[in-house]
Every structure is written in C-alpha cells, then in structure tokens.
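# Fold and contact review
The chain contents come next:
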Amino acid sequence: MINVAIMGYGTIGSGVAHIIEENKDRIKRNAEDEINLKYVLDVREFEGDPINEKIVHDYHTLSEDRDVDIVVETMGGIEPAFTFVMEMLTHGKHVVTSNKALVAAKGPELIAAAADHKVNFFFEASVGGGIPIIRNLFTCITGDEIDEISGIINGTTNFILTKMYKEGVDFDTALREAQELGYAEKDPTCRKIAILTAVVLGQQVNFEEIYTEGITRIDSADISYAKELDCCIKLIATSRRVPGQGYVAMVAPFMVENSHPLAQVNYAFNAIFVKGNMLGDSMFYGSGAGSLPTASAVLGDIVDAARHLDRHLPIIYDVEPAKLLDKGIFTGKFFIRTDSPEADVMAAFPGGRVVRTGGKSEEYGYLTEELSEADYDKNSKKINVKGMIRYK
C-alpha cells in the first residue's frame, strides 16, 4: 500500500480525493499498488463529510509519518506552500503539486531539494489543467529545439471570451458565470507560460519579465470587429525562440482567424501548440479549468511517483535565470481602433486595410501589415489609438 497525503482540501484537493476513491481499482492497476489517502491537511473541519476523519492541522504530522510516501500540495500561493513542500522533500516524501505560483517562483529550489533527497517533485497540473504538456516536453519532445509554444492556457478567460463572442453577454456577466462554475482562478497566465518556457530552456524564468495584457478591456465593439474580420478573440500566451538570441514571451488578447485551430477552442478548454525544429507543429488539447480535469493531471503525477518510489527522475531546471528578450522584437499584425483621418493612419501604417462595422461612424478599425512591436509602438504615437488587439 502506498500512502498519500493532501495539503489543502479546496477545489482541486477535494477533486484528487474524489478520484482516488472513485477510480481506485484502475489507479491500483496502473500504480501497481493500492493508493491510500491517509491524511488531509487543512485549517478547517468538515463535519458530516467522511473526509473529516482524515483531517489534520499540523503539517509536521505528514512529514514525520514514515508511512506517508507521496504528498500532494493543492493549497495555492507561495507561502506557506513553499515551507510545507520543502519540509516534505527534506523528509524523503515525493511531492506532487498543481500550484503554478509556487512552481513559477520556487521551482528550481524544490527540484534541487528533491534531487538532494532522492525523491521526485512533479508539477504537471500547474499548466493547462488536464492537458499532459509538462511530461511531454520533458520526455517525448526532448530531442527537439522548441521554436515556439503558443496557446490558450487559461480556461477562465477562454470561457469568458467564448460567452462574449457566441452569446453576446458582457464581461461582468460572463465572469460571474465562470465563478459560479468554479473556473475563475486568481493567478495570471504569465506564470504558466513562464513555467513552459523554463521547462524548454531548463532554466528559471521570471514571470514578472513577461509582458502581459488581460481581457478586461475587451468589449462588444471588439467582438463586432472580430466577426467582421472572420476572427474570434482569444487570450494567447506565447513564447518564441529567436535563433542565436533567446526567447521572447508574451500574454495578450489576439484576434485569431476562424480557420485557425485555436479558434475552435471554446469555453473552459485549453490548447497548447508546440513547434519543434524536427517535429513541426503539434497540438495538445483538453479541459483547462475545474476541479476534476486538474485533479486528473495530479493523479497522473501520483501514479508516476508511485512507480518510482525508490528512484529519482532528474529534471533539468536550473536556478540560474534566463534572460528573456524585449517584446519589441515580436512581429505580427495589429488591429487598431481609431478616429484619426484615414490618410494619417495609412501614412503611419502603410499597406493595411480599413475595417468598418455598424458602430459609431467616427470610429473605424484598421488592420496593419506585419511589423515589429517596436515599430508599432513608435508609429502608433502618430495617430489616436482608441484600442489595439494583436492579430494571429
């Protein structure tokens, strides 16, 4: 029997407990041993819930119990999660986490501690919910130079944008529904693309260096322009390799042509494109938000840890930080909302096209030709830009 403890009995932690019980026979077959949930660490009591008999309030109970083999961290945040996880690793426990904030900020330290104590630190569920992307980058695609990772890795924002686009609801209404369904997450997408970039580089990536825009400024007029262009609007996280220089990363709303596969990724689903120099394009698709999809990824790591209780699996993820390139090196098209004279706009951005909808006559849209972020920033100062969305 392999004993597991869960730290944090919230949305994901309770999902993990549910799957351990619901799919115990299949998990036993795959793990080659029975997985037993021995403890749940939480500050709360759960009167009337069978889980209450497993509740403990002191994390030392987990670290000092020699019968606990694997600890699952689903608390969220950096502290006290970091202190608790480090305690588990130094006491010889394998650790599985879904905590993107923890991995983005402290991943190299925890991976090093796991190596020192000959245990494993797994974090598949920290990016993309139920999509198996981390393990594939570490194993299946490890022979490629990764030229680009781009995708939708926030089920909450994708749910909101899909509701706005398909059903015509406003941002606040869509956000409330996302929260009611348990999708709304606090951590920004930049932490997830930082983790993916770090896995590719084998170096720590500071998520604070990643240029990030949210979706709160997207309104019904933007949706109308997107439809006029036969596009939808998606929050895209992207990291691209510039040969000989390094990687540049960004998170921002993009207008995506409806013919593009990413345009078909709706509601709480995620999709991640990986472009390898040998593999070419590959897409990973699945549920990106909610209790059970993320818990499913956690269970995959639990089974992996169970199969390697006596073996450390090395992960290259150095604490030495990688230096990301400035976003000015990005190239692409830009969709602009403006009320400046067309002649001025065309002079600033030659070769583009005017886009009009049935909205206000003094405002119109303009889609530029491809140019760099640096050139866009420079030339946009020559006109009155009321709004801009990148175009993929």
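Residues numbered from 1 in each chain as written. Predicted model: local features only at pLDDT ≥ 70, side-chain atom pairs only at ≥ 80, totals over all residues. Heavy atoms only, no water.

Let's shift gears to the environment of Tyr-247. Structurally, the position occupied by Tyr-247 is in strand β11 (residues 246-257). When the C-alpha positions of Tyr-247 and Asp-170 are compared, they lie 35 Å apart, and in sequence the two are 77 residues distant. Here Tyr-247 is in contact with Ile-146, Thr-197, Val-200, Leu-201, Ser-239, Arg-240, Arg-241, Leu-324 and Leu-325, once residues within four sequence places are set aside. Among the polar contacts made by the side chain of Tyr-247, one reaches the main-chain carbonyl oxygen of Ile-146 at a distance of 2.4 Å. (Helix = DSSP H or I, 4+ residues; strand = E, 2+ residues; numbered from the N terminus. Contact = heavy atoms within 4.5 Å. Polar contact = N/O pair within 3.5 Å; in protein donor to acceptor, adjacent residues only side chain to side chain.)

In the structure shown here, the tally under the stated rule is 10 aromatic pairs. Between Tyr-59 and Phe-84 the ring centres are 4.0 Å apart and the planes differ by 20 degrees, which places this aromatic pair in the stacked class. You can see Tyr-59 sitting in the loop between β3 (55-56) and α3 (60-64) and its partner Phe-84 sitting in helix α4 (residues 81-90), a full 25 residues away along the chain. By relative accessible area, Tyr-59 is classed as buried at 17%. Phe-84 gets classed as buried once you look at its relative accessible area, which sits at 14%. Considering the side-chain rings of Phe-121 and Phe-123, the 5.8 Å spacing of their centres and the 35 degrees angle between planes classify their relative orientation as tilted. Across the pair, exposure class does not vary: Phe-121 and Phe-123 are buried alike. What links up through ring pairs into an aromatic cluster is the set Phe-121, Phe-123, Phe-138 and Tyr-317. One Lys or Arg, Arg-191, reaches over the ring of Phe-207 and ends 4.1 Å from the middle of that ring. Above the plane of the ring of Tyr-211 lies Lys-327, whose end atom (NZ or CZ) is 4.7 Å from the centre. (Phe/Tyr/Trp six-rings, centres within 6.5 Å; stacked < 30°, edge-to-face > 60°. Buried < 20%, exposed > 50% of the residue type's maximum accessible area, 1.4 Å probe, protein only. Lys NZ or Arg CZ within 6 Å of the ring centre and 35° of its normal.)

Pairing between strand β12 (residues 269-276) and strand β13 (residues 280-287): 8 bridges, direction antiparallel. Directly across from Val-274, in β13, lies its bridge partner Ser-282. In this antiparallel pair of consecutive strands, β12 and β13, the connection spans 3 residues. (Pairing = 2+ DSSP bridges.)

A separate point is the pattern of salt bridges. This model, assessed by the stated rule, comprises 24 salt bridges. Measuring nitrogen to oxygen at the nearest pair gives 2.9 Å for the salt bridge that ties Arg-337 to Asp-222. Residue Arg-337 is found in strand β15 (residues 331-338), and its partner Asp-222 is found in helix α10 (residues 220-228); the two are separated by 115 residues along the sequence. By relative accessible area, Arg-337 is classed as buried at 11%. Asp-222 gets classed as buried once you look at its relative accessible area, which sits at 4%. A salt bridge links Arg-390 to Glu-373; the shortest N-O distance between them is 2.6 Å. Here the residue Arg-390 occupies a position in strand β19 (residues 385-391), and Glu-373 occupies one in helix α13 (residues 373-379), the gap between them amounting to 17 residues. (Salt bridge = Lys/Arg side-chain N within 4 Å of Asp/Glu carboxyl O.)

For the rest of this paragraph, the subject is the sheet that holds β3. Spatial strand order, β3-β2-β1-β4-β5-β6: 6 strands in an open sheet with parallel pairing. Only two strands of the sheet have a single neighbouring strand rather than two, namely β3 and β6 (121-122). Summarising the sheet, strand β1 (residues 2-7) and strand β4 (residues 68-73) pair through 5 bridges and their orientation is parallel. Looking at β4, one finds that Ala-5 is bridged to Val-71.

The subject of this paragraph is the environment of Phe-138. Looking at the secondary structure, you find Phe-138 in helix α6 (residues 134-138). Residue Phe-138 is classed as partly exposed on the basis of its relative accessible area, which comes to 22%. Each C-alpha atom of the pair Phe-138 and Ile-316 lies 8.7 Å from the other, and the pair is 178 residues apart in sequence. What Phe-138 contacts, discounting residues up to four positions off in sequence, is Phe-123, Val-199, Ile-315 and Ile-316.

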